[in-house]
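# Notes for the structure review
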Amino acid sequence: MFRRQFLCGISTAAALSPSLSLASESRLRIESITPQTLRRNRDGQSETWFHPRACMVPRRDGGSFALMTMQWIRGSDYFGPVHWTRSDDHGKTWSDPEPIDALGRVPVPEHDGLMAGVCDVVPEYHEMTNTVLAMGHVVFYRGEKFSSREQLSRYPVYTVRRDDGTWSERKILQWDDPRGSFIYTNNCGQRAVNADGDIIMSLTFGATNKSRSVAGVRCTFDGEQLKIVDVGPALTLSAGRGLLEPSVTRWNDRYYITIRAEDGHGYVASSRDGLNYGEKRAWCWDDGTSIAMSTTQQHWVNHPQGLFLVYTRQDKSNKNVMRWRAPLWIAQVDPDRLCLLRDTERVVLPIVGDGINHPEEVALMGNFHVTNAGPDETWVTVGEWMPKRSARGDLRMARIKWAE
């Protein structure tokens, strides 16, 4: 009991007190969740598309289109060149994927045969410059596999899609800090844009592959160059690789960060300025019960009337599934107590297969993204992956319809 209370950062009295819980009238109702398959490959006859992440981009006629980046997967951490696809009918149909040249593979100087690719890309529309900033990080391959022995220093790279549809060259987000000498990255991370156009994001970083830290970051962006101008105090964790894949959102003039970890939990913290975060807390339910999460990312759903989290967790249906990476869940966040409201939890995309007796047949869904597609609809996109079935999997999307 005492360990649970410590991890969640709330006392039993606070957890059970109705006066301290999010009022029922403040809870936002989900009208429906509708799954959709965008591309199929559970039969292995096509390509398995991974890291599907979309953003909405205004059109000159006053409408908008959805722009999605993605790349194929053919093995553990082995990804193809980054592609883009577009939908002009609100996600019903999508154009054929086309490669983004700036995010392809390039030879690494002085390392014969080693190639530098890009993965974990997140595209976000930047209103002040009318551009899309697509940022991922560098990854190294030798032949047809991830080069585990030759992962050189890793860092964020990005390209900019301009208003005329052209993409810029590959650029590096520079950060000359010895704390990130082994790795610094915002891979898979959500970002927030301030009214002045500055970007509030986060970095996970480390001088070694162990005990990475996370910090809030403020960047300027002029439509071509992204520059770090301020980095906040670090959040730390000593277990495993430390704190990974942080995502940031702003809701009601406060910033929130959710973080993947390797100690059986995910973590959350909040900040007034997106730089100085309070003490991190392990995600828990509003009654104080800890939520078992296994080294998998979480992402925010930001609605004007409520803040939500999409995540994976341990459940009786998935106890033998790797890292419990299916199904995907959603629940509303209590933004003051930094916990999830258990009675709001819904399945976003259900588990496919038997997660107890035949977990190898279950399609994993640990790498996903959230897109605000309009005032009454949010998308969750994910590339399924069956690692013991030749990396097969479908490209899926869930449409969350809001009642308000």
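On a predicted model such as this, the values are computed, not experimentally measured, just so you know.

## Description of the overall build of the chain
Within the chain, the regular secondary structure consists of two helices and 29 strands. Rg of the C-alpha trace for the chain: 20 Å, near the compact-globule value of 22 Å for 404 residues, within the 12% margin. With the principal axes as the frame, the chain shows a C-alpha extent of 60 × 50 × 45 Å. The contacts in the chain between residues at least 6 apart in sequence include a share of 56% that link residues at least 24 apart. Of the roughly 16,900 Å² of accessible surface on the chain, a fraction of 48% belongs to carbon and sulfur atoms.

## Examining the pattern of salt bridges
All told, the structure shown has 23 salt bridges when counted by the stated rule. Residue Asp61 is joined to Arg59 by a salt bridge in which the shortest nitrogen-to-oxygen separation is 3.1 Å. Of the residues examined, Arg59 reaches a relative accessible area of 27% and is grouped as partly exposed. Among the ionic pairs, Arg179 bridges to Asp177, the shortest N-O distance being 3.1 Å. The network of salt bridges with common partners includes Arg42, Glu384, Asp394 and Arg396.

## What to know about the nonpolar core
In terms of nonpolar packing, the biggest core is built from 44 residues, with Leu328, Ile330 and Val380 touching the most fellow members. With residues up to four places along the chain from it excluded, the contact list for Val380 reads Val310, Leu328, Val348, Phe368, His369, Val370, Arg396, Met397, Ala398 and Ile400.

## Topic: the sheet that holds strand 27 (residues 368-374)
Strand order across the open sheet formed by four strands is 1-29-28-27, with antiparallel pairing between neighbours. On the outer flanks of this sheet lie strand 1 (30-39) and strand 27, each paired with one strand and no other. When the angles between neighbouring strand axes are averaged without regard to direction, this sheet yields 20 degrees. Of the pairings in the sheet, the one linking strand 27 to strand 28 (residues 377-383) comprises six bridges and is antiparallel in character. Its bridge partner being in strand 28, Val370 is matched across the sheet by Val380.

## Quick look at the sheet that holds strand 18 (residues 243-251)
Pairing within the open sheet is antiparallel, and its four strands lie in the order 18-19-20-21. Whereas interior strands pair on both sides, the edge strands pair on one side only; in this sheet they are strand 18 and strand 21 (281-282). Pairing between strand 19 (residues 254-261) and strand 20 (residues 266-271): six bridges, direction antiparallel. Its bridge partner being in strand 20, Tyr255 is matched across the sheet by Ser271.

## Some thoughts on the environment of Leu235
Relative to the helices and strands, Leu235 resides in the loop between strand 17 (226-231) and strand 18. Under the relative-accessibility criterion, Leu235 is labelled buried at 11%. Expressed as a C-alpha distance, the spacing of Leu235 and Asp253, which sit 18 residues apart in the sequence, is 21 Å. Excluding its chain neighbours within four sequence positions, the residues that come into contact with Leu235 are Ser213, Val214, Leu243, Ile259, Ala269, Tyr277 and Gly278.

## Here we look at the pairing of strand 5 (residues 83-87)
Of all five residues making up strand 5, four are buried, and the element is well covered by its neighbours. With five bridges connecting them, strand 3 (residues 64-75) and strand 5 associate as antiparallel partners. If you follow Thr69 over to strand 5, its bridge partner there is Trp84. Note that strand 5 and strand 6 (residues 98-99) share two bridges and pair antiparallel. What sits directly across from His83, in strand 6, is Pro99.

## Topic: the layout of surface pockets
The probe, sized like a water molecule, is rolled over the atoms to show the empty space still left. Taken as a whole, the largest pocket holds about 770 Å³ of empty space. Lining the largest pocket are 25 residues, with Glu124, Tyr125, Arg191, Val193 and Asn372 positioned closest to its centre. Mapped onto the lining of the largest pocket, the elements with two or more residues apiece are strand 2 (49-58), strand 8 (114-126), strand 14 (192-193), strand 18, strand 22 (299-303) and strand 27. For the lining of the largest pocket, the residue count by class is 12 nonpolar, nine polar and four charged. In this structure, the second largest pocket encloses a volume near 660 Å³. Lining the second largest pocket we find 29 residues, and of these Asp77, Asp120, Arg241, Glu245 and Arg260 sit closest to its centre. Counting residues per element, the ones that place at least two in the lining of the second largest pocket are strand 2, strand 8, strand 9 (131-142), strand 13 (183-185) and strand 18.

## Let's talk about the side chain of Gln332
Inspection of the secondary structure assignment puts Gln332 in strand 24 (residues 328-334). What Gln332 contacts, discounting residues up to four positions off in sequence, is Leu22, Ser26, Arg27, Leu28, Gln305, Gly306, Leu307, Phe308, Cys339, Leu340, Leu341 and Thr344.

## Digging into the packing of aromatic side chains
Any pair of aromatic rings gets described here by the distance separating the centres and the angle formed by the planes. All chains considered together, the criterion is met by 10 aromatic pairs. Geometrically, the ring pair formed by Trp94 and Trp379 is edge-to-face, given 6.2 Å between the ring centres and 70 degrees between the ring planes. Of this pair, Trp94 sits in the loop between strand 5 and strand 6 while Trp379 is found in strand 28, placing the two residues 285 residues apart along the sequence. Each of the two residues, Trp94 as well as Trp379, counts as buried.

## Examining the confidence of the model for the chain
Detail in the predicted coordinates should be disregarded across regions flagged by low pLDDT. Mean pLDDT over the chain stands at 93; residues scoring 70 or higher make up 94%. In this model, residues 1-19 is a region of pLDDT below 50 whose contacts with residues beyond four sequence positions or in other chains number 30 contacts.

## Some details on unusual backbone geometry
Cis geometry marks the peptide bond from Ala326 to Pro327, where omega comes out at 0 degrees. With respect to the secondary-structure elements, Pro327 resides in the loop between strand 23 (306-311) and strand 24. Positioned with a positive phi, Asn130 is a non-glycine residue whose angle comes to about 55 degrees.

Reading the values: rules and limits
- Residues numbered from 1 in each chain as written.
- Predicted model: local features only at pLDDT ≥ 70, side-chain atom pairs only at ≥ 80, totals over all residues.
- Heavy atoms only, no water.
- Helix = DSSP H or I, 4+ residues; strand = E, 2+ residues; numbered from the N terminus.
- Rg over C-alpha atoms; globule rule 2.2 N^0.38 Å.
- Contact = heavy atoms within 4.5 Å.
- Areas by Shrake-Rupley, 256 points an atom, 1.4 Å probe, with all protein chains shown as cover.
- Salt bridge = Lys/Arg side-chain N within 4 Å of Asp/Glu carboxyl O.
- Buried < 20%, exposed > 50% of the residue type's maximum accessible area, 1.4 Å probe, protein only.
- Core = buried A, V, L, I, M, F, W, Y, C linked by side-chain atoms within 4.5 Å.
- Pairing = 2+ DSSP bridges.
- Axes fitted to C-alpha atoms, helices over the stretch in contact; angles between N-to-C directions.
- 1 Å grid on protein atoms, 1.4 Å probe; cavity = no way out; pocket = protein on both sides within 12 Å on 5 of 7 lines; lining within 4 Å.
- Points joined across faces, edges and corners; volume = space filled by probe spheres on them.
- Nonpolar A, V, L, I, M, F, W, Y, C, P; charged D, E, K, R; others polar.
- Phe/Tyr/Trp six-rings, centres within 6.5 Å; stacked < 30°, edge-to-face > 60°.
- pLDDT = per-residue confidence, 0-100.

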